[in-house]
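Remarks on the overall topology
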Amino acid sequence: MAAEAQHTGRIVILGAGIAALTAALRLAPCPVLVISPAPLGQGAASALAQGGVAAALGAGDSVAAHVADTLEAGAGIVDGLMAGIVAEAAPGCVAALAAGGVAFDRTPAGDYALSQEAAHSQPRVARVEGDRTGAAILSALIAAVRQAPSVQVVEGLAAERLEVTAGRVTGVWLGQPGRVARLIRAPAILLASGGAAGLYTVTTNPGHIRGQGLGMAARAGAAVADAEFVQFHPTALHVGGDPAPLLTEALRGEGARLVNRLGVPFMAGQHKAAELAPRDIVARAVYAQSQAGLAPALDARAIFAPGGPAHFPTVSAACARAGLDPARDLLPVAAAAHYHMGGVACDAQGRSSLPGLWVAGEVASTGLHGANRLASNGLLEAMVMAGRAAQDIAAERAWSPEPELAVPPLPPAAALPDEAPLIRRLRALMTEGCGVIRDGSGLRHALDALRALDQQAQTDSAKNMVAAATLIAAAALLRCESRGGHFRADHPQPDPELARRSRLFLADALALRDEKVPADVA
Ligand code: SIN
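1. A look at the sheet that holds strand β13 (residues 230–237)
On the basis of which strands lie adjacent, the open sheet formed by four strands has the order β13-β16-β15-β14 and antiparallel pairing. Edge strands, defined here as strands with exactly one partner in the open sheet, are β13 and β14 (257–259). Going across the sheet, the axis of each strand differs from the next one's by a mean of 45°, ignoring polarity. Pairing geometry for strand β15 (residues 297–299) and strand β16 (residues 331–340), over two bridges, is antiparallel. Its bridge partner lying in β16, Ala297 is registered against Pro332. This element, helix α7 (residues 279–291), spans β13, β14 and β16 of the sheet and lies at about 60° to β13.

2. A short note on the packing of helix α12 (residues 440–456) against helix α13 (residues 460–478)
Helix packing for two helices is described by the angle between their axes and how far apart those axes are. Packing of α12 against α13 brings their axes to within 9 Å, and their N-to-C directions diverge by 160°. It follows from the interaxial angle that α12 and α13 lie roughly antiparallel. Crossing angle aside, the handedness with which α12 passes α13 is left-handed. Residues Gly440, Leu443, Arg444, Leu447, Leu450, Leu453 and Asp454 of α12 form the contact with α13, whose participating residues are Val466, Ala469, Thr470, Ala473, Ala474, Ala476 and Leu477. Residue composition of the contact of α12 with α13, grouped by class: 10 nonpolar, two polar and two charged.

3. Considerations on the side chain of Asn205
Its place among the elements puts Asn205 in the loop between β11 (189–191) and α5 (212–219). Sequence-distant contacts of Asn205, that is, excluding residues within four places in its chain, are made with Leu48, Ala197, Gly198, Pro243, Ala337, His338 and Glu362.

4. Here we look at the site of the ligand
Around the ligand there are 13 residues in total, and Thr248, Glu249, His338, Arg373 and Ser376 lie nearest to it. Within the side chain of His233, a nitrogen or oxygen atom sits 2.7 Å from an oxygen atom of the ligand. At a separation of 2.7 Å, an oxygen atom of the ligand approaches a polar side-chain atom of His338. The protein chains hide 95% of the 260 Å² of surface that the ligand would expose on its own. Across the shell around the ligand, the residue classes tally to two nonpolar, six polar and five charged.

5. Overview of the pairing of β13
Burial of β13 is extensive: eight of the eight residues sit out of reach of the surface. Pairing between β13 and β16: six bridges, direction antiparallel. Each residue of the ladder has a partner; that of Val230, found in β16, is His340.

6. A word on the sheet that holds strand β3 (residues 32–36)
With parallel pairing, the five strands of this open sheet are ordered in space as β7-β3-β2-β11-β18. Edge positions in the sheet fall to β7 (151–155) and β18 (357–359), since each of these pairs with one other strand and no more. With strand direction ignored, the average angle separating the axes of adjacent strands in the sheet is 20°. Where β11 lies against β18, three bridges are found, and the strand directions are parallel. Residue pairing for β18: Leu191 is matched across the bridge by Val359. The sheet contacts of helix α10 (residues 378–394) involve β2 (11–14), β11 and β18, and relative to β18 the element is tilted by about 160°.

7. Some details on the nonpolar core
If you look at the biggest cluster of nonpolar residues, it comprises 71 residues, and the most contacted ones within it are Leu14, Leu162, Leu199 and Met430. Aside from chain neighbours lying at most four places away, what touches Met430 is Leu199, Tyr200, Gly435, Leu450, Ala469 and Ile472.

8. Some thoughts on the pattern of salt bridges
As enumerated under the stated definition, the model contains 28 salt bridges in all. With a closest N to O distance of 2.9 Å, Asp299 and Arg301 form a salt bridge. Taking relative accessible area as the criterion, Asp299 reaches 19% and is therefore assigned buried. Looking at Arg301, the relative accessible area reads 35%, which means it is partly exposed.

9. Quick look at the packing of helix α11 (residues 420–433) against α12
Interaxial distance between α11 and α12 falls to 9 Å at its minimum, and their mutual angle equals 170°. By the angle between their axes, α11 is roughly antiparallel relative to α12. In terms of crossing hand, the pair formed by α11 and α12 is left-handed. From α11, Leu422, Arg425, Leu426, Leu429, Met430 and Gly433 reach across to α12, where they touch Gly442, Leu443, Ala446, Ala449, Leu450, Leu453 and Gln456.

Here is what the cut-offs are and how they apply
Residues numbered from 1 in each chain as written. Predicted model: local features only at pLDDT ≥ 70, side-chain atom pairs only at ≥ 80, totals over all residues. Heavy atoms only, no water. Pairing = 2+ DSSP bridges. Helix = DSSP H or I, 4+ residues; strand = E, 2+ residues; numbered from the N terminus. Axes fitted to C-alpha atoms, helices over the stretch in contact; angles between N-to-C directions. Contact = heavy atoms within 4.5 Å. Parallel < 35°, antiparallel > 145°, perpendicular 65-115°, else oblique. Left-handed = near helix turned anticlockwise from the far one by under 90°. Nonpolar A, V, L, I, M, F, W, Y, C, P; charged D, E, K, R; others polar. Near = heavy atom within 4 Å. Polar contact = N/O pair within 3.5 Å; in protein donor to acceptor, adjacent residues only side chain to side chain. Areas by Shrake-Rupley, 256 points an atom, 1.4 Å probe, with all protein chains shown as cover. Buried < 20%, exposed > 50% of the residue type's maximum accessible area, 1.4 Å probe, protein only. Core = buried A, V, L, I, M, F, W, Y, C linked by side-chain atoms within 4.5 Å. Salt bridge = Lys/Arg side-chain N within 4 Å of Asp/Glu carboxyl O.

Below, the structure is given as structure tokens:
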């Protein structure tokens, strides 16, 4: 029998990455309850983010140029209003982090040392110790959250289902594997649970980030935008790790080259910007080399040679764990699922289509990224939008101090099925049918397989993952063109008529899966 619901007057934040913790702090003094599936600092994709924070900080750079690069990378469907809001806020965001103790890399003159990344027209990326930006920001936020009297953190519970009453999100079911979930009713919920890249076999995300937040919101009836757009990072270290360690794009910004086993530098003929072409183009080139058995690799030897230009401790450590010496060895690479441009549709205040539910970070789709996220706009968006959502929630009503909520241990459930085989099948079918290169028949096949998995899914967590995958595959089937991160071999060109964002409800995706609507309805 289900335990009685608990009530809190706190704003509940689901997730514990950079968006979640930024919002928790920005909401002070409003009382907040942060639900972190793992101990703070463990398990958030933010901690693995090697990219930095894109901001127009350099001499000669401008917010307008940052916006223009964001629009260009997003392949025709970026929301210009969002790009303006986020780029405008970027320099202040970096300054606030620096003032809060985040030690961004500096030039000898004390200015920010800015990196060049793909599709940026100039060096624009502020970083910490070369490739430790996400971890450094997250640890500064954790330290601040631990000190914030308005923030209560509950670790070890995950959101499984949203409670909806008369069309408004009024609570969340929190669970643990093998335990009976408990309903917490709350006046406002901010979902900041991360993306969906773990739905693929090769991913740079922590393996447990598999679209559960997106699926959960969609199952509650939230609208989903741009689900078809998944970004594959071209240079994940291909040594069999899960997650696959990232070889940051900044290495290519410092001159690292992509070569194949024949020694051919294969990007030169693909795009005028070669290794620094938009990420989707480089990812497809790397994927094609892998498919052809040509073993693509990153040659970063000049960077890691003694006296070389750069300092990338995270990359060095990943190479060492794999028994590779980047000063001597070519580094095998694969295209890996990295970031979901799609997510829960929201407005410029982070409001989802469901009253009572706000979203921020990768689980949200604001329209900033369009079809292809510009490098290092992800952490930036997470922080800017978390701040805006916090402001909007704070303005909802008068918030008064609230006692800490004691969540008693959850009672054990009857034995739960092992989700691991379902997850393996899910990741394999998404990789095969809805990966770097897609086509109509592969997507239809993926949807058929997802219908079977849906019938087998017995836990909310499994149903959430399958729902997220179904939305991605359905949106990809509906978009009969190629644009940004979405490449259809059967429709290889962009179609100007389709240069608009997509919006889907789970019911639409299920209807398409079950063939109740024709596949060409966009
Ligand atoms: C990278 O450093 O290559 C990743 C940056 C990003 O995903 O924004």
